[in-house]
Amino acid sequence: MKNKQLKTICTLAWPSIVQEALNTIVTYVDTAMVGALGASASAAVGLTSTVGWLVAGLSISFGIGILAVCAQGVGASDEKKIRIAGQQAFFMTMIVGTILTIVCIGISPYLPTWLGGDVSIREEASLYFMIISLPLLLRTAIFIFSSALRGVSDMKTPMYINLYMNVINIVLNFLLIYPSNRYLGFWIPGASLGVKGAAIATAISFTFGGILISYRYYKNKNFQIYQTGVHFNKNVFQECLRISIPVCMERSVICLGHITFASLVAKLGVVHFAAHTIALQAEQAFYIPGYGFQSAAATLVGNAVGEKNEVKVKQVTYLICKMTFSLMIIAGIILFVFAESLMSFFTPHADVIRLGTSVLRIVSISEPIYGVLVILEGTFNGMGDTKAPFVYSLMTMWGIRILGSWMMIHVFHFGLKAVWMMMVLDNVARCLLLTTRFFQKKWTYRLE
């Protein structure tokens, strides 16, 4: 039984792991390309990146409800429920994507000032955020339609589309960021647009990915859209919302916390903020095992809840947590050893490298615990038990990370390293709270 579960987990997880790896690669390339323009360019892009995470987090949150209901329908062998839930993804995408697009374009001129960015980077930061916000409807489609497909165990389609997007993004970066030059004996034309070019490349890749995922969603046989069209179902839509809204609130709390966190760090100066931003990007590669297995956890736990099988819920969660914890130990060791090399890859600035290396080594110690946290988030999302995780996130993000960072900077006058210690404490506390809830089996009401 265990071997069969292990095989199923790996079958579902490997496309997500590959997708996370691809995302990390393109993020690394983006960060390195912009970093080559100087610390100010890195800070300009990084200033609004936390708001970008909030926007993405909101889209992903609404997809979680679709994924959970579809996965539970699969577990219950309820084809009608799967079809109806899958079709609600279209309406969710149109509503969420339209609202996000209007809001983000509207706030783009003022956002860098609100975040406390240095005057020298505000104009570039504003332009960057506005450009990447233009295709937000299609970017929302990428997240929500991908969740619908994962809910019916189609993990490969989102992976392939992500691959195509990343290739487009990297190629366009070369063509748009830098001036024309000769590389490896070949003359490559360049638009020399700098930060603006990076934004345009990102926006085009989002547009392409959104169109492609929409087509694959339309053709999926489980949802039957190409046969019957899309039909709004109030009850199922509300069921998806009941799961999604607490996740949305949780992601909002976390991302707004990141924004506040970033604004606190921004007050330390451009060099500190550049080190902070680049270190966050560098750390992403070491989350790959956790986020790769998270989708498998959400799908399989959703299936088990649909089957009303408490034992299977626990077996799947324990097994994935053990696998992720082991892999994240290795990831943490690698991060600690190669922290300086990673920072050097992204920027030539000596002070930025020194600061970034210090904070990466601090956070490397907590990587295994963060991996378990990510899996437990997937477990609770899959079973639809999303209210308590929201409360935990509210408590730890604002009670530990934000309040603690404010005190470290304004009361004790410490620097970036102390701020990152608060970030680690936040993650550890949230993991302990979720672990306690799982062991106490307060989620079993979802099986009734």
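Residues numbered from 1 in each chain as written. Predicted model: local features only at pLDDT ≥ 70, side-chain atom pairs only at ≥ 80, totals over all residues. Heavy atoms only, no water.

Chemist: Would you mind showing me how to read the overall build of the protein here?
Modeler: Regarding its fold elements, the protein presents 19 helices and two strands. Relative to its length of 448 residues, the protein is compact, with a C-alpha radius of gyration of 21 Å against a globular reference of 22 Å. Projected onto the principal axes, the alpha-carbon positions of the protein cover approximately 55 × 45 × 40 Å. Across the 448 residues of the protein, 58% fall into the buried class. (Helix = DSSP H or I, 4+ residues; strand = E, 2+ residues; numbered from the N terminus. Rg over C-alpha atoms; globule rule 2.2 N^0.38 Å. Buried < 20%, exposed > 50% of the residue type's maximum accessible area, 1.4 Å probe, protein only.)

Chemist: Would you explain the packing of aromatic side chains in this entry?
Modeler: In this description, a pair of aromatic rings is defined by centroid distance and the angle of the planes. Scanning the model with the defined rule gives 16 aromatic pairs in all. A ring pair is formed by Tyr110 and Trp114, whose centres lie 5.9 Å apart and whose planes are at 20°; its orientation type is stacked. The exposure class assigned to Tyr110 is partly exposed, which follows from its relative accessible area of 47%. Both rings, one in Tyr318 and one in Phe438, keep their centres 5.8 Å apart while their planes meet at 80°; by these two values the pair is edge-to-face. Here Tyr318, found in helix α14 (residues 310–337), pairs with Phe438, found in helix α19 (residues 416–439); they are 120 residues apart in sequence, far enough to count as distant. A relative accessible area of 35% means that Tyr318 is categorised as partly exposed. Sitting over the face of the ring of Tyr226, Lys219 holds its NZ or CZ atom 5.2 Å from the ring centroid. (Phe/Tyr/Trp six-rings, centres within 6.5 Å; stacked < 30°, edge-to-face > 60°. Lys NZ or Arg CZ within 6 Å of the ring centre and 35° of its normal.)

Chemist: Honestly, the packing of helix α13 (residues 288–306) against helix α17 (residues 367–383) in this entry has me stumped. Any pointers?
Modeler: Helix-helix packing: each pair is described by the crossing angle between the helix axes and the interaxial distance. The N-to-C vectors of α13 and α17 enclose an angle of 30°; their axes lie 7 Å apart at closest approach. One way to sum up the angle between α13 and α17 is to call them roughly parallel. Both α13 and α17 take part in a crossing whose hand is right-handed. Listed contacts from α17 to Gly290, Tyr291, Phe293, Gln294, Ala297, Ala298, Val301, Gly302 and Val305 of α13 are Tyr370, Val374, Ile375, Glu377, Gly378, Thr379, Gly382 and Met383. Its residues assigned to classes, the contact of α13 with α17 shows 10 nonpolar, six polar and one charged. (Axes fitted to C-alpha atoms, helices over the stretch in contact; angles between N-to-C directions. Parallel < 35°, antiparallel > 145°, perpendicular 65-115°, else oblique. Left-handed = near helix turned anticlockwise from the far one by under 90°. Contact = heavy atoms within 4.5 Å. Nonpolar A, V, L, I, M, F, W, Y, C, P; charged D, E, K, R; others polar.)

Chemist: Quick question: what am I supposed to make of the side chain of Ser133 here?
Modeler: Following the sequence through the fold, Ser133 ends up in helix α6 (residues 122–133). Sequence-distant contacts of Ser133, defined by excluding residues within four places in its chain, comprise Thr101, Cys104 and Ile105.

Chemist: Got a minute to help me understand the side chain of Gln5 in this structure?
Modeler: Position of Gln5 among the secondary structure elements: in helix α1 (residues 2–35). Non-local contacts of Gln5, meaning those with residues more than four positions away in its chain, are made with Lys312, Gln315, Val316 and Leu319.

Chemist: Before we go on, may I ask you to explain the layout of surface pockets in this structure?
Modeler: Unoccupied space between atoms shows up once a probe the size of one water molecule is rolled over them. Taken as a whole, the largest pocket holds about 200 Å³ of empty space. Looking at the lining of the largest pocket, the elements with two or more residues in it are α1, α13 and α14. Of all the elements, α1 adds the most residues to the lining of the largest pocket, at five residues. Taken as a whole, the second largest pocket encloses approximately 160 Å³ of empty space. Lining the second largest pocket are Val51, Leu54, Val55, Leu58, Leu100, Val103, Cys104, Ile107, Leu111, Leu115, Leu256 and Ile259. When residues of the lining of the second largest pocket are traced back to their parent elements, those giving at least two are α3 (49–75), α4 (79–107) and α11 (234–266). When its residues are assigned to classes, the lining of the second largest pocket shows 12 nonpolar, no polar and no charged. (1 Å grid on protein atoms, 1.4 Å probe; cavity = no way out; pocket = protein on both sides within 12 Å on 5 of 7 lines; lining within 4 Å. Points joined across faces, edges and corners; volume = space filled by probe spheres on them.)

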